[in-house]
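# Results of the structural survey
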Amino acid sequence: MTAGEPIRVLVVEDDPVAADAHVLYVGRVPGFVAVGTAHTGAEARRLLDRTPVDLLLLDLHLPDVHGLQFARSLRAAGHLADVIAVTSARDLTVVREGVSLGVVQYVLKPFTFATLRDRLVRYAEFRTAAGEASGQDDVDRALAALRAPGPAALPKGLSAPTLERVTAALRDHTSGLTSTGVAEAVGISRITARRYLEHLVDTGRAIRSPQYGTVGRPELQYRWTKRP
């Protein structure tokens, strides 16, 4: 890769729907391009052997190999691509092990586009650090680019406690709820419930689907479901 070229990303994810979403996310971040998708470690290895890759977006739970074992085999074979690990596991032992294998970031599932975009932008900043450090401050600044900031602020008018209650209501009703149902479950107005539900959709934590009314109430409504 030379200056000015996009960072080439290989998405390694066994769930085809999630893989397609990750490719879409990568393509929406300036300076990055998805060069392929693999659903197993073996498929990823074949792609790496014939396609230049700078960064792996690597699911740790592949059907044929654990992601860290796969990363270790890549290092042994001389592949130098960095890794952003994607996982639902929260074992910090795994996090520590990954650091020695070129894992520069961890993204916990489920994640939103905003979360991945932040990690990719920070990774790009880290890659552009060049030249000789004049001192400890320069080294610290380069490494700080990989550190994630605190949680993003909620839109004006929304509160974290109410958002958690809305999320819990969706989690408790796996078949989904209308905005009226959420309002009744949480104790807020339907309009307020709708604002929180739209925020959950915008951040990738809920799914909105149309639901046509019954006889006597034929108008189109929406049902929200907690994203798995």
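Residues numbered from 1 in each chain as written. Predicted model: local features only at pLDDT ≥ 70, side-chain atom pairs only at ≥ 80, totals over all residues. Heavy atoms only, no water.

## Observations concerning the overall build of the protein
Formally: The way it works is that DSSP assigns letters per residue, a run of H or I at least four long becomes a helix, a run of E at least two long becomes a strand, and they are numbered from the N terminus. Only heavy atoms matter for contacts: two residues are in contact if any of them lie within 4.5 Å across the pair.
Across its full length, the protein holds nine helices and eight strands. Restricting the contact set of the protein to residue pairs at least 6 apart, pairs at least 24 apart contribute 58%.

## Considerations on the nonpolar core
Note the cut-off: By nonpolar core is meant a set of buried Ala, Val, Leu, Ile, Met, Phe, Trp, Tyr and Cys residues that side-chain atoms within 4.5 Å join together. The buried label applies to any residue whose accessible area, calculated with a 1.4 Å probe on protein chains only, is under 20% of its type's maximum; exposed applies above 50%, and partly exposed to all values in between.
Counting 22 residues, the largest nonpolar core has Leu10, Val12, Leu48, Leu56, Leu58 and Phe70 as its most contacted members. For this core, the secondary structure elements donating two or more residues are strand S1 (7-12), helix H2 (41-50), strand S3 (55-59), helix H3 (67-76), strand S4 (82-87) and strand S5 (103-108). If one sorts the elements of this core by residue count, H3 sits on top with four residues. Here Leu10 is in contact with Val35, Gly36, Thr37, Ala38, Ala44, Leu47, Leu48, Val53, Leu55, Leu56 and Leu57, once residues within four sequence places are set aside. Among the nonpolar cores identified, the runner-up in size contains 19 residues, and Val29, Phe32, Val104 and Leu116 belong to it.

## Focus on the confidence of the model for the protein
Selection criterion: Residue-level confidence of the predictor, termed pLDDT, takes values from 0 up to 100.
The share of residues in the protein with pLDDT of 70 or more is 77%, and the mean pLDDT across the chain is 81. Per-element mean pLDDT across the protein ranges from 54 in helix H6 (residues 136-144) up to 97 in strand S2 (residues 32-38). When the criterion is pLDDT under 50, residues 215-220 qualifies, and its contacts beyond four places in sequence or with other chains add up to seven contacts.

## As for helix H9 (residues 190-202)
Stated precisely, the cut-off is as follows: To estimate how far a helix should reach, multiply one less than its number of residues by 1.5 Å. The arc in question is the one traced by the directions running from the helix axis out to the C-beta atoms.
With 13 residues, H9 extends 18 Å between its outermost C-alpha atoms, agreeing within 8% with the 18 Å of an ideal straight helix rising 1.5 Å per residue. Of the residues making up H9, those classed as buried are Ala193, Tyr196, Leu197, His199 and Leu200. Down the axis, H9 shows its buried residues gathered within 155 degrees of arc, on one side only. Opposite its buried face, H9 presents the exposed residues Ile191 and Asp202, each directed more than 90 degrees away. Immediately beyond the C-terminal end of H9, within one or two residues, lies Gly204, with a positive phi of roughly 80 degrees.

## Some remarks on the pattern of salt bridges
Convention followed: Basic side-chain nitrogens of Lys or Arg form a salt bridge, by our definition, when they fall within 4 Å of a carboxyl oxygen of Asp or Glu.
Under the definition given, this model contains eight salt bridges. Linking Arg122 and Asp118 is a salt bridge whose minimum nitrogen-to-oxygen distance equals 3.2 Å. Here Arg122 and its partner Asp118 are both found in helix H5 (residues 113-128), four residues apart, which amounts to about one turn of the helix. With its nearest N and O atoms 3.0 Å apart, the salt bridge here joins Glu198 to Arg194. On the criterion of helical spacing, the pair formed by Glu198 and Arg194 is a turn pair, its members being four residues apart in helix H9.

## Some remarks on the sheet that holds S4
Counted only if it meets this: Here a strand pair is declared whenever DSSP counts at least two bridges between the two strands. The axes used here are C-alpha line fits, helices contributing only the stretch in contact, and every angle between their N-to-C directions lies in the interval 0 to 180 degrees.
Taken in spatial order, the five strands line up as S2-S1-S3-S4-S5 in an open sheet, and their pairing is parallel. Both edges of this open sheet fall to S2 and S5, since each of them pairs with a single strand only. Looking at each pair of strands side by side, their axes are set apart by 20 degrees on average, direction ignored. Examined bridge by bridge, S4 and S5 share five bridges and lie parallel to one another. Across the sheet, Val86 pairs through a bridge with Val107, a residue of S5. On top of the sheet, H3 reaches S3, S4 and S5; it is set at about 150 degrees to S3, its chief contact. Across the face of the sheet, H5 comes into contact with S1, S2, S3, S4 and S5 while running at roughly 170 degrees to S5.

## Details of the pairing of S3
Threshold: For crossovers, right-handed means that the path from the first strand over the helix to the second runs clockwise, given strands pointing away from the viewer.
Burial within S3 is extensive, with five of its five residues counted as buried. Residues Leu55, Leu57 and Asp59 point to one face of S3 and Leu56 and Leu58 to the other, with burial holding for every one of them. Where S1 and S3 come together, four bridges link them in parallel fashion. The residue bridging Val9 from the neighbouring strand is Leu55, located in S3. Of the pairings in the sheet, the one linking S3 to S4 comprises five bridges and is parallel in character. Across the sheet, Leu55 pairs through a bridge with Asp82, a residue of S4. Following the chain from S3 across H3 to the adjacent parallel S4, one finds a crossover that is right-handed.

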